[in-house]
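Spelled out, the chains give:
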Amino acid sequence: MSKDKKDLQQSNEVAEKYFDASGYQSSNQTEKGLAITHEQATDAYTEGTVDGKIDMLDEQGELKEYRGKDLE
């Protein structure tokens, strides 16, 4: 098998991968990387900010800090 054909076959194998929660325990580097990347993207999407200012909730689930600032 030529190098180009082998590279194409390996690229196709990676392209066919998708996130699966079992990837965290996988020994496959691609599956583990997908799991970590999925977690990072989900965290960033859920929080909705890149400035590190986090909304905080009290015990009742009410918003007590918004974007790192106390609510009055």
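Predicted model, so just to flag it, every value in this text is computed and none were measured.

Colleague: Describe the overall build of the protein chain, naming the residues involved and giving the relevant values.
Modeller: When its secondary structure is counted, the protein chain shows 2 helices and 3 strands. Starting at the N terminus and walking to the C terminus, you meet the elements of the protein chain as α-α-β-β-β. Within the protein chain, counting contacts between residues at least 6 apart in sequence, those at least 24 apart form 0% of the total. Summed over its atoms, the accessible surface of the protein chain is roughly 6,500 Å², and 50% of this surface lies on carbon and sulfur atoms.

Colleague: I'd like a description of the pairing of strand E2 (residues 63-66), backed by residues and values.
Modeller: The pairing of strand E1 (residues 56-57) with E2 spans 2 bridges and is classified as antiparallel. Directly across from Leu 57, in E2, lies its bridge partner Leu 63. Taking the residues that link successive antiparallel strands as the turn, the E1-E2 hairpin has 5 residues, and the phi of Gly 61 there is positive, at about 85°.

Colleague: Describe helix H2 (residues 29-47), naming the residues involved and giving the relevant values.
Modeller: Structural remark: α-helix, 3.6 residues per turn; residues separated by three or four positions point the same way. Given a rise of 1.5 Å per residue, 19 residues ought to cover 27 Å, and the 27 Å separating the end C-alpha atoms of H2 matches this to within 8%. N-capping of H2 is provided by Asn 28, with a side-chain oxygen placed 2.8 Å from the backbone N of Thr 30.

Colleague: Got a sec to walk through the environment of Thr 30? Specific residues and values, please.
Modeller: Positionally, Thr 30 belongs in helix H2. Relative accessible area serves as the criterion here: at 28%, Thr 30 is assigned to the partly exposed category. Along the primary structure Thr 30 and Tyr 18 are separated by 12 residues, whereas in three dimensions their C-alpha atoms are 9.5 Å apart.

Colleague: Summarise a nonpolar patch on the surface; cite the residues concerned and give the values.
Modeller: There is a patch of nonpolar side chains on the surface, built from Leu 57, Leu 63 and Tyr 66 and spanning about 300 Å² of accessible area. Looking at where Leu 63 falls in the secondary structure, it is placed in strand E2.

Colleague: Can you break down the confidence of the model for the protein chain residue by residue, with the values?
Modeller: When the pLDDT values of the protein chain are averaged, the result is 76; 79% of them are 70 or greater. Averaged pLDDT values for the elements of the protein chain fall to 62 in strand E3 (residues 69-70) and rise to 83 in H2.

Definitions and cut-offs
- Residues numbered from 1 in each chain as written.
- Predicted model: local features only at pLDDT ≥ 70, side-chain atom pairs only at ≥ 80, totals over all residues.
- Heavy atoms only, no water.
- Helix = DSSP H or I, 4+ residues; strand = E, 2+ residues; numbered from the N terminus.
- Contact = heavy atoms within 4.5 Å.
- Areas by Shrake-Rupley, 256 points an atom, 1.4 Å probe, with all protein chains shown as cover.
- Pairing = 2+ DSSP bridges.
- Expected span 1.5 Å × (residues − 1).
- Polar contact = N/O pair within 3.5 Å; in protein donor to acceptor, adjacent residues only side chain to side chain.
- Buried < 20%, exposed > 50% of the residue type's maximum accessible area, 1.4 Å probe, protein only.
- Patch = residues over 30% accessible without salt bridge, like charges linked within 9 Å, V, L, I, M, F, W, Y side chains within 5 Å.
- Salt bridge = Lys/Arg side-chain N within 4 Å of Asp/Glu carboxyl O.
- pLDDT = per-residue confidence, 0-100.

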